[in-house]
Amino acid sequence: MTEKNKRVLIVSVVIIVLSVLLEALFVHPHGHYWYHTFLSFDAFFGFIGCLVLILVAKIPVRSLVERDEDYYGGGENGND
Amino acid sequence: MAEVRTAMIEFHPGLILILGGLLVSFLPNRPRQVVMVVAPLLAIAAALSIESGMMRTLPFINGMELVWLKADALSLGFAFIFSVMALLGNVYSLHINHAGESAAAMFYAGGSIGAVLAGDWLTLIFFWESLAISSVFLIWNKKDARAIAAGFRYILVHMMGGNLLLAGIFLKISGGSFTVAALTTAVPDTAYWLILLGVSINAAIPPLHAWLTDAYPEATITGSVFMCSYTSKVAVYALIRLFPGSQLLIWVGVIMAIYGVIFAVLENDIRRLLSYHIISQVGFMVAGAGIGTEMAINGAVALAFSNIIYKSLLFMGAGAVIDATGRRKLTQLGGLYRKMPLVAMFFGIGAFSISGVPFTAGFVSKALELNAAAANGMPTVELLLYLAGIGTFLSIAFKLNYLMFYGPDNGIEVKEIPKNMYVAMAGGAFLCILYGVLPNLLYSRLPFAVDYAPYTLDHVISTLQLMLGAFVVFWVLLPKLHTHDVISIDTDWFYRKPFAVFVDATVKLVCAIRDWFGERGWDTLHKMTPLFANPLKWAYQHGVEPEAQSPAPAVYQEDKYRFPVGLTVLLTVVMFVVTAAYIWV
């Protein structure tokens with residue numbers, strides 16, 4: 001990982017931490033379910049959700065649906 | 001002022017666009033461009049001047065009345081945004097100089113408005129079918145082999161969907177109900193299932209969705225901007241109108257929302273990736289129709305409304321990239337930020353808007369939907385839709401945006417794109433931000449009163465955290481997210497592979513049978529011909545005595561044994577006169 005990439009990552013994490021602080025200090029907890037009031041829930045959900053989506057797409061789904069580009073025939077011109 | 005208002009009321013915004021389409025089909029270039037801008041403007045004015053509760057009818061057979069215009073808050077919201085979209089789409093395609101495509105696009109937009117304003121089943125099915133018929137030309141006009149094949153698949157799937165809907169509608173009408181109304185019977189009957197199936201095909205509900213991701217990437221650049229806006233949104237309108245509160249739709253919608261984003265992660269073709277996100281977004285709306293509370297339906301309409309704006313903006317941006325570079329695959333694109341800064345900016349606004357970033361239309365509408373699920377006691381639905389929202393960040397705001405505009409530069413040559421494309425994209429981007437900053441402009445067009453404030457500190461921070469949490473994963477896994485030159489098959493595989501083999505085999509079998517009989521018949525004919533060549537010879541051989549006075553009895557003279565032509569003509573004329581006399585006298 002290059003220096004630049006690391007910097008982007010560090011800045012993102014710092015903003016997340018700041019937003020959690022902001023949430024803890026100024027947001028009055030309210031909502032229908034526990035996860036609406038759970039501090040920093042959204043950051044975790046975003047992190048884990050994104051990981052899950054990528055893993056599901058890249059491992060089981062991909063192995064099922066991936067084909068060569070000319071799978072349907074070069075020009076895709078009907079059934080010939 | 002009052003007179004002006006009443007006079008304007010009589011105009012149906014859809015018919016204005018259809019008339020515009022007729023004009024466009026034969027006018028030369030300059031006047032055509034004028035009509036392409038003026039007709040949608042008039043349609044917007046007409047849509048705004050119609051008042052809720054208005055109804056216009058036309059007498060029809062068997063004492064039935066066609067309700068060709070029936071306005072309420074739900075249909076008016078759709079009619080308005082469809083008219084706005086017609087303007088944006090037409091401005092985007094002002095340069096194409098192809099009367100047929102411009103006309104097809106306007107018929108398509110007008111048909112969509114006609115369908116949402118239809119008050120009876122027959123008017124609905126008329127406009128419904130017109131959508132498929134007009135939009136297929138937006139695919140075929142690309143004119144390459146892939147587009148033509150995709151267009152045929154598209155029209156076949158839609159004809160099937162239209163026929164299912166028609167069958168359901170026939171059952172409804174023969175059962176005595178003529179007006180379009182919610183199908184809320186205690187036990188779903190045949191008509192219910194037929195209509196649901198017909199609408200589901202247009203709404204691209206998996207596994208009936210593959211026509212969308214198959215056809216949209218093959219359409220013309222300007223055509224796909226129209227296509228992404230109308231067909232699926234008309235179906236969303238139909239689901240809200242006909243099946244509000246159907247429990248089944250909640251889960252169908254959730255599956256759609258996640259299905260779309262998972263396939264989008266794998267996709268390499270930029271417009272096909274965006275098409276998978278249509279399915280995902282329509283999933284949110286289908287779930288909203290299924291939840292069926294006032295808030296959920298408001299959410300679904302708000303999403304349809306803003307989706308039309310930002311999805312078309314994304315297709316415009318992708319189209320601009322394809323037009324400028326001639327490339328459509330992520331593996332061939334990258335680093336266009338410096339070469340197309342304005343397109344990158346407009347696309348970025350659309351990408352953030354679809355992801356629901358604050359101060360965009362996506363934020364104020366998606367919030368409504370998620371909140372409705374939570375308020376209705378459905379935490380699983382809320383969280384799964386929230387998860388699908390992460391996929392939107394991942395694939396569009398991050399992956400597509402990054403790999404097209406900011407990723408490694410592939411040294412692509414970029415040609416200038418027409419100015420009108422910039423104008424249309426600027427218009428879409430402006431609306432994305434306008435509705436995001438002033439959500440009440442959007443909320444006032446929803447079917448029910450909205451009591452919701454999207455801009456709370458809590459909500460803005462949540463969105464920021466969600467986005468950054470996903471971004472960290474994206475940034476770390478970026479090397480894994482680069483696409484390759486492969487395709488993903490989908491449920492269209494069933495009719496493109498095994499069904500194609502089946503059709504092929506059936507045709508071959510029928511041909512073989514025909515050939516076999518043909519050959520045998522031909523042989524038999526050959527063997528029999530000599531027998532009939534000279535009937536006299538055959539007769540003499542079989543015991544008939546030749547006439548004594550005939551000098552050359554074995555030669556068969558045809559004219560001796562048949563009527564002269566004149567006699568046949570005479571008989572025909574006599575027969576004609578007798579028949580005519582019988583009819584008229």
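Residues numbered from 1 in each chain as written. Chains lettered and ligands numbered in written order. Predicted model: local features only at pLDDT ≥ 70, side-chain atom pairs only at ≥ 80, totals over all residues. Heavy atoms only, no water.

Peer 1: Would you take a moment to explain the overall build of chain B for this structure?
Peer 2: Across its full length, chain B holds 25 helices and three strands. In terms of overall dimensions, chain B has C-alpha extents of about 120 × 60 × 55 Å along its principal axes. The burial tally for chain B puts 57% of its 585 residues in the buried class. Sequence separation of 24 or more characterises 81% of the internal contacts of chain B that already satisfy a separation of 6 or more. (Helix = DSSP H or I, 4+ residues; strand = E, 2+ residues; numbered from the N terminus. Buried < 20%, exposed > 50% of the residue type's maximum accessible area, 1.4 Å probe, protein only. Contact = heavy atoms within 4.5 Å.)

Peer 1: Before we go on, may I ask you to explain the packing of helix α13 (residues 270–291) of chain B against helix α17 (residues 379–406) of chain B in this structure?
Peer 2: Residues and elements named next belong to chain B. Running from N to C, α13 and α17 cross one another at 160°; their axes reach a closest spacing of 11 Å. On the basis of their axis angle, the class for α13 and α17 is roughly antiparallel. For α13 against α17, the interelement crossing comes out left-handed. For the pair α13 and α17, contact is made by Ile270, Leu273, Leu274, His277, Ser280, Gln281, Phe284 and Ala287 and by Leu385, Ala388, Gly389, Gly391, Thr392, Ser395, Ile396, Lys399, Leu400 and Met404, respectively. Per-class residue counts for the contact of α13 with α17 are ten nonpolar, seven polar and one charged. (Axes fitted to C-alpha atoms, helices over the stretch in contact; angles between N-to-C directions. Parallel < 35°, antiparallel > 145°, perpendicular 65-115°, else oblique. Left-handed = near helix turned anticlockwise from the far one by under 90°. Nonpolar A, V, L, I, M, F, W, Y, C, P; charged D, E, K, R; others polar.)

Peer 1: Mind showing me how you'd approach the pairing of strand β2 (residues 65–70) of chain B here?
Peer 2: Residues in a regular strand project their side chains so that they alternate between the two faces of the sheet. Residue and element names in this part refer to chain B. Pairing between strand β1 (residues 55–59) and β2: five bridges, direction antiparallel. Counted as the bridge partner of Met55 is Lys70 from β2. Hairpin connection of β1 to β2: five residues between the antiparallel strands, including Asn62 at a positive phi of 55°. (Pairing = 2+ DSSP bridges.)

Peer 1: Quick question: what am I supposed to make of the domain arrangement of chain B here?
Peer 2: The accessible area lost on association of the parts is a frequent measure of interface size. Split into domains, chain B comes out as domain 1 (1–239), domain 2 (244–485) and domain 3 (532–540 + 555–585). Put simply, the middle of domain 2 of chain B and the middle of domain 3 of chain B, counted by C-alpha atoms, are 77 Å apart. (Domains from an automatic or database assignment.)

Peer 1: Would you mind showing me how to read helix α6 (residues 121–140) of chain B here?
Peer 2: Note that an α-helix has 3.6 residues per turn; residues three or four places apart therefore point the same way. Between its first and last C-alpha, α6(B) extends 29 Å over 20 residues, near the 28 Å set by a 1.5 Å rise per residue. Counted residue by residue, α6(B) has 15 buried out of 20 residues, so it is predominantly covered. (Expected span 1.5 Å × (residues − 1).)

Peer 1: Teacher, can you tell me more about the packing of helix α16 (residues 361–375) of chain B against α17(B) here?
Peer 2: Two numbers describe a pair of packed helices, the interaxial angle and the distance between the axes. All names here are of chain B. One way to put it is that α16 packs onto α17 with a least axis distance of 8 Å and a crossing angle of 155°. Here α17 runs roughly antiparallel to α16, going by the angle between their axes. Only Val381, Glu382, Leu385, Tyr386, Gly389 and Thr392 of α17 make contact with α16, whose side of the interface consists of Lys366, Leu370, Ala373 and Ala374.

Peer 1: Explanation requested: the interface of chain B and chain A in the structure shown.
Peer 2: Between chain B and chain A, the residue contacts involve 53 residues of the former and 49 residues of the latter. For the pair chain B and chain A, the summed buried area comes to about 4,800 Å², and 70% of that belongs to carbon and sulfur atoms. On the chain B side of the contact with chain A, B:Gln465, B:Trp475 and B:Ile487 bury the most area, a combined 14% of that side's loss. Note that A:Glu69 is salt-bridged to B:Lys329, the shortest N-O span being 2.7 Å. For the interface between chain B and chain A, the tally reads 13 residue pairs in polar contact (both at pLDDT 80 or more). Sorting the residues of the side of chain B that touches chain A by element identifies α7 (145–174), α12 (247–266), α16, α17, α20 (457–481), β3 (486–488) and α21 (492–496) of chain B as the ones contributing at least two each. The element contributing the most residues to the side of chain B that touches chain A is α20(B), with 19 residues. By residue class, the composition of the side of chain B that touches chain A is 35 nonpolar, nine polar and nine charged. (Buried area = accessible area lost by both parts, 1.4 Å probe. Salt bridge = Lys/Arg side-chain N within 4 Å of Asp/Glu carboxyl O. Polar contact = N/O pair within 3.5 Å; in protein donor to acceptor, adjacent residues only side chain to side chain.)

Peer 1: When you look at the pattern of salt bridges in this model, what are you seeing that I'm missing?
Peer 2: Once their charged atoms are close, side chains differing in charge can pair, the charge on each being opposite to the other. Residues and elements named next belong to chain B. With the rule as written, the count across this model stands at 18 salt bridges over all chains. We note a salt bridge from Asp72 to Arg241, for which the minimum N-O separation is 2.9 Å. In this pair, Asp72 sits in the loop between β2 and α4 (73–92) while Arg241 sits in helix α11 (residues 231–242), placing the two residues 169 residues apart along the sequence. What makes Asp72 partly exposed here is its relative accessible area of 25%. The exposure class assigned to Arg241 is buried, which follows from its relative accessible area of 18%. Between Asp504 and Lys508 there is a salt bridge, with its nearest N and O atoms 3.2 Å apart. Placement of both Asp504 and Lys508 in helix α22 (residues 498–533) is noted, with a separation of four residues, approximately one turn of the helix. Look at Asp504 and you get partly exposed, because its relative accessible area is 32%. Shared partners join several salt bridges into a network, and the residues in it are Lys142, Asp144, Arg146, Glu218, Asp269 and Arg328.

Peer 1: Would you explain the nonpolar core in this entry?
Peer 2: Soluble globular proteins: nonpolar side chains tend toward being buried together. Residues and elements named next belong to chain B. Of all hydrophobic cores here, the largest spans 210 residues; its most connected members are Leu239 and Met425. The element that contributes the greatest number of residues to this core is helix α14 (residues 294–325), accounting for 20 residues. Per-domain counts for this core show at least three residues from each of domain 1 (1–239) and domain 2 (244–485). (Core = buried A, V, L, I, M, F, W, Y, C linked by side-chain atoms within 4.5 Å.)

Peer 1: Explain unusual backbone geometry here, please?
Peer 2: Note: most residues except glycine have negative phi, and most peptide bonds are trans. Residues and elements named next belong to chain B. Cis rather than trans, the peptide bond between Pro206 and Pro207 has omega equal to 0°. Tracing the chain through its elements places Pro207 in the loop between α8 (190–203) and α9 (210–215). Despite not being glycine, Ala204 has its phi angle at roughly 60°, a positive value. Its place among the elements puts Ala204 in the loop between α8 and α9. In this structure, Phe359 is a non-glycine residue whose phi angle is positive, near 70°. The residue Phe359 is located in the loop between α15 (341–355) and α16 in this model.

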